[in-house]
Amino acid sequence: MTASATTTAFSRRGSILHVEEVPLPEVAERFGTPCYVYSRAALTSAYQAYQAALADRAGRPALICYAVKANSNLAILDVFARLGAGFDIVSGGELARVLAAGGDPGKVVFSGVGKSRAEMRQALAAGILCFNVESVPELETLNAVAIELGRQAPVSLRVNPDVDARTHPYISTGLKSAKFGVPFEAALPLYRRAAALPGLTVRGIDCHIGSQLLDPAPAAEAATKIVGLVDALAAEGIVLHHIDLGGGMGIRYRDETVPSVAEYLAPLLAVMRDRQEQLLLEPGRSLVGNAGLLLTRVALLKHGEPKNFAVVDAAMNDLARPALYDAWHEIVKVSDGGTPTPARVYEVVGPICESGDFLGHARELSLAPGDPLAIMSAGAYGMAMSSNYNTRPRAAEVMVDGDQAFLVRRRETVEELYALESPLP
C-alpha cells in the first residue's frame, strides 16, 4: 500500500488486502464486482477527528454537517446520524435520504442554487435548521413560500468572498465568477432586505470556497472576511446565531501533503476565537473519501504497441472522477499471492464505449485475467456520481463493520434500468 491509503481500516495481511477484519477476496466472491466497499471504522475515525479538533470551543458547540452529495448511501448517513452529525443537503431527494436514515432535520442546512418551491415546502415541513440562500430570486421565492405556509423560514446567505481556493477549477466555488452564492459587496444590503421580509428569520451566514483544499490559508482568509461582515451586520442590529464556514478539506489520493484535521482547522478556529456564534462546518470528502474503495476484477489483458490495456469490469460510469477531472486513484492488487506474472505498464480501462473510459493511466502491475483490484480513495464522489451509461447496472455497495460485511445497496438489474420506460403504442 502507498501513502494514499491513509487509514488503518485498510491493511494488507500477508498477501491479502483487508477492510477491517474482512479479506477483500471474500467480498469479491460474495457480492461480485464491481462493488464499492466502505469501512465503518474509517468513517467513525474521520468524524471523530473533527469532533476532537472542535472540542475546545467550550460553551459554543460546533455542528459538523456532513455534505451528503459526497456519498448519500443510507448506511453512511446512518453512521453519521448515530454519531450526532448534522447534514448539508442540496436537494429534496437528499433531505428524504437524511430523514430515512434517522437524521435530525433540526441539524440540516439546505444549500444549492436552484431550490424549487416544492423543495422549499418539503424542507419547511421537515423543520430544517437553515436555508443557505444563494440569490435574490431565491430569497424572494422562499419568503413567498413561507408566507403561503404560515411559517417563517430560517435563512443564511451564502456569501461569495472572492477567494482563490487553489484547487481544480471545476471544484473552486468561491470566486466571483462562480455560480454559487451572492457577491460579497452585495451581502450587506441583501441582509437588510432579508431582515425586512415577513416570511424569513435571519439565522446565520454561509461560505464555501471549494473542494479538495490542502492549504488552510484560503479558508482562513475567507473566514476573516466573513466575520468582518458579521460584525458589520451586528452594528446594524442584525445579529447572527451561526457562522457556517463550509467544508472542502482535501484528502491524500497520491502523494499530496495533507494536513491533519486539527492542522487544517487551526487557522479557521483562530479567526473564530472568542466569538459567540455557533460554528458550522460542512465536510464531505474528508469524512468518506478514504473510507471507501471500488473493488473490480480484470476481465482481460490486451498487450500491444504502444500501450498495454488491462480491461476491468468497472468503468467510468462507476467511477467518473478520472474521466471528469483526470483524477488519480491508487490501483492495487487485492492479493499478491499465487503465481507471479511479469509486471507491465498498463492503461487500466473499462468496457464503456468511450476513449475517455479509463480508471488509471500508466500503472505498473503484475496482472492475470480474473485478478481482483482495489481502486482506493473512492468513498467520495464515486457511487454518488455513477450512472447507467451503456445500460450498465450500477455497482453494489458493502459496509464492513469489524469482521462482518453487509450489503447496503444491491446491484441493479438490467430490467430495472428500463422499468420506467415504454415503447410507442
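In what follows, the accompanying structure is described. (Residues numbered from 1 in each chain as written. Predicted model: local features only at pLDDT ≥ 70, side-chain atom pairs only at ≥ 80, totals over all residues. Heavy atoms only, no water.)

### Notes on the pairing of strand 2 (residues 16-19)
So, point 1. Where strand 1 (residues 10-13) lies against strand 2, four bridges are found, and the strand directions are antiparallel. Residue pairing for strand 2: Arg13 is matched across the bridge by Ile16.
So, point 2. What sits between the antiparallel neighbours strand 1 and strand 2 is a turn of two residues, in which Gly14 has the positive phi angle 65°.
So, point 3. Relative to strand 3 (residues 22-23), strand 2 is paired through two bridges, and the arrangement is antiparallel. The residue of strand 3 that forms the bridge with Val19 is Val22.
So, point 4. Adjacent in sequence and paired antiparallel, strand 2 and strand 3 are bridged by two residues, among which Glu20 carries a positive phi angle near 50°. (Pairing = 2+ DSSP bridges. Helix = DSSP H or I, 4+ residues; strand = E, 2+ residues; numbered from the N terminus.)

### A short note on unusual backbone geometry
So, point 1. Here the residue pair Thr33 and Pro34 is connected by a cis peptide bond, since its omega of -5° sits within 30 degrees of zero.
So, point 2. You can see Pro34 is positioned in the loop between helix 1 (24-31) and strand 4 (35-39).
So, point 3. The omega angle of the peptide bond from Glu305 to Pro306 is 0°, so this bond is cis rather than trans.
So, point 4. For Pro306, the location among the structural elements is in the loop between strand 14 (292-302) and strand 15 (308-312).
So, point 5. Positioned with a positive phi, Ala362 is a non-glycine residue whose angle comes to about 50°.
So, point 6. Relative to the helices and strands, Ala362 resides in strand 18 (residues 358-365).
So, point 7. With phi around 55°, Ser377 is a residue other than glycine that occupies positive phi space.
So, point 8. Take Ser377: it is sitting in the loop between strand 19 (372-375) and strand 20 (396-401).

### Concerning the sheet that holds strand 1
So, point 1. In space, the three strands of this open sheet follow the order 1-2-3, with antiparallel pairing throughout. The open sheet has two edge strands, strand 1 and strand 3, and neither has a second partner.

### Describing the side chain of Ser39
So, point 1. Its location among the elements puts Ser39 in strand 4.
So, point 2. Overall, the relative accessible area of 0% leaves Ser39 in the buried class.
So, point 3. One polar contact links the side chain of Ser39 to the main-chain amide nitrogen of Ala41, over a distance of 3.3 Å.
So, point 4. One polar contact links the side chain of Ser39 to the main-chain amide nitrogen of Ala42, over a distance of 3.0 Å. (Buried < 20%, exposed > 50% of the residue type's maximum accessible area, 1.4 Å probe, protein only. Polar contact = N/O pair within 3.5 Å; in protein donor to acceptor, adjacent residues only side chain to side chain.)

### A few points about the packing of helix 6 (residues 136-148) against helix 7 (residues 184-196)
The description of two helices packed together rests on the angle between their axes and the distance between the axes.
So, point 1. Interaxial distance between helix 6 and helix 7 falls to 11 Å at its minimum, and their mutual angle equals 5°. Here helix 7 runs roughly parallel to helix 6, going by the angle between their axes. For the pair helix 6 and helix 7, the contacting residues are Val136, Leu139 and Glu140 in the first and Leu190, Arg193 and Ala194 in the second. (Axes fitted to C-alpha atoms, helices over the stretch in contact; angles between N-to-C directions. Parallel < 35°, antiparallel > 145°, perpendicular 65-115°, else oblique. Contact = heavy atoms within 4.5 Å.)

### As for the nonpolar core
So, point 1. Counting 119 residues, the largest nonpolar core has Leu24, Tyr66, Phe80 and Phe131 as the members making the most contacts within it.
So, point 2. Not counting residues within four places of it along the chain, the set of residues in contact with Phe80 comprises Leu43, Tyr47, Tyr66, Ala85, Phe87, Leu287 and Val288.
So, point 3. With six residues, the next largest nonpolar core counts Leu63, Val109, Leu129 and Cys130 among its residues. (Core = buried A, V, L, I, M, F, W, Y, C linked by side-chain atoms within 4.5 Å.)

### Points about the pattern of salt bridges
So, point 1. Under the counting rule described, the total for this entry stands at 17 salt bridges.
So, point 2. A salt bridge links Glu21 to Arg13, with the nearest nitrogen and oxygen atoms 2.9 Å apart.
So, point 3. For Arg13, a relative accessible area of 37% corresponds to the partly exposed category.
So, point 4. Through salt bridges with shared partners, one network takes in Asp231, Arg275 and Glu277. (Salt bridge = Lys/Arg side-chain N within 4 Å of Asp/Glu carboxyl O.)

### Re the side chain of His18
So, point 1. Within the secondary structure layout, His18 lies in strand 2.
So, point 2. Among the polar contacts listed, one links the side chain of His18 to the backbone oxygen of Ile16, at a separation of 3.1 Å.

### A look at empty space enclosed by the protein
So, point 1. Under the criterion given, the structure shown has two cavities of 30 Å³ or more.
So, point 2. By volume, the largest cavity amounts to about 130 Å³.
So, point 3. Every residue lining the largest cavity is counted, 17 residues in all, and those nearest its centre are Leu245, Gly246, Gly247, Tyr264 and Leu268.
So, point 4. Broken down by element, the lining of the largest cavity gets its largest block of residues, three residues, from helix 9 (residues 261-272).
So, point 5. Grouping the constituent residues of the lining of the largest cavity by class yields 13 nonpolar, four polar and no charged.
So, point 6. Each pocket or cavity is described by its volume, and for the second largest cavity that value is around 80 Å³.
So, point 7. Taken together, 13 residues line the second largest cavity, and the ones lying closest to its centre are Ser211, Gly248, Gly284, Arg285 and Tyr381.
So, point 8. Of the residues in the lining of the second largest cavity, the class split is four nonpolar, six polar and three charged. (1 Å grid on protein atoms, 1.4 Å probe; cavity = no way out; pocket = protein on both sides within 12 Å on 5 of 7 lines; lining within 4 Å. Points joined across faces, edges and corners; volume = space filled by probe spheres on them. Nonpolar A, V, L, I, M, F, W, Y, C, P; charged D, E, K, R; others polar.)

### Considering the pairing of strand 17 (residues 344-349)
So, point 1. Strand direction decides the pairing type here: strand 15 and strand 17, joined by four bridges, are parallel. Bridge pairing in strand 17 places Asn308 opposite Tyr346.
So, point 2. Strand direction decides the pairing type here: strand 17 and strand 18, joined by five bridges, are antiparallel. Within the sheet, the bridge partner assigned to Val345 lies in strand 18 and is Glu364.

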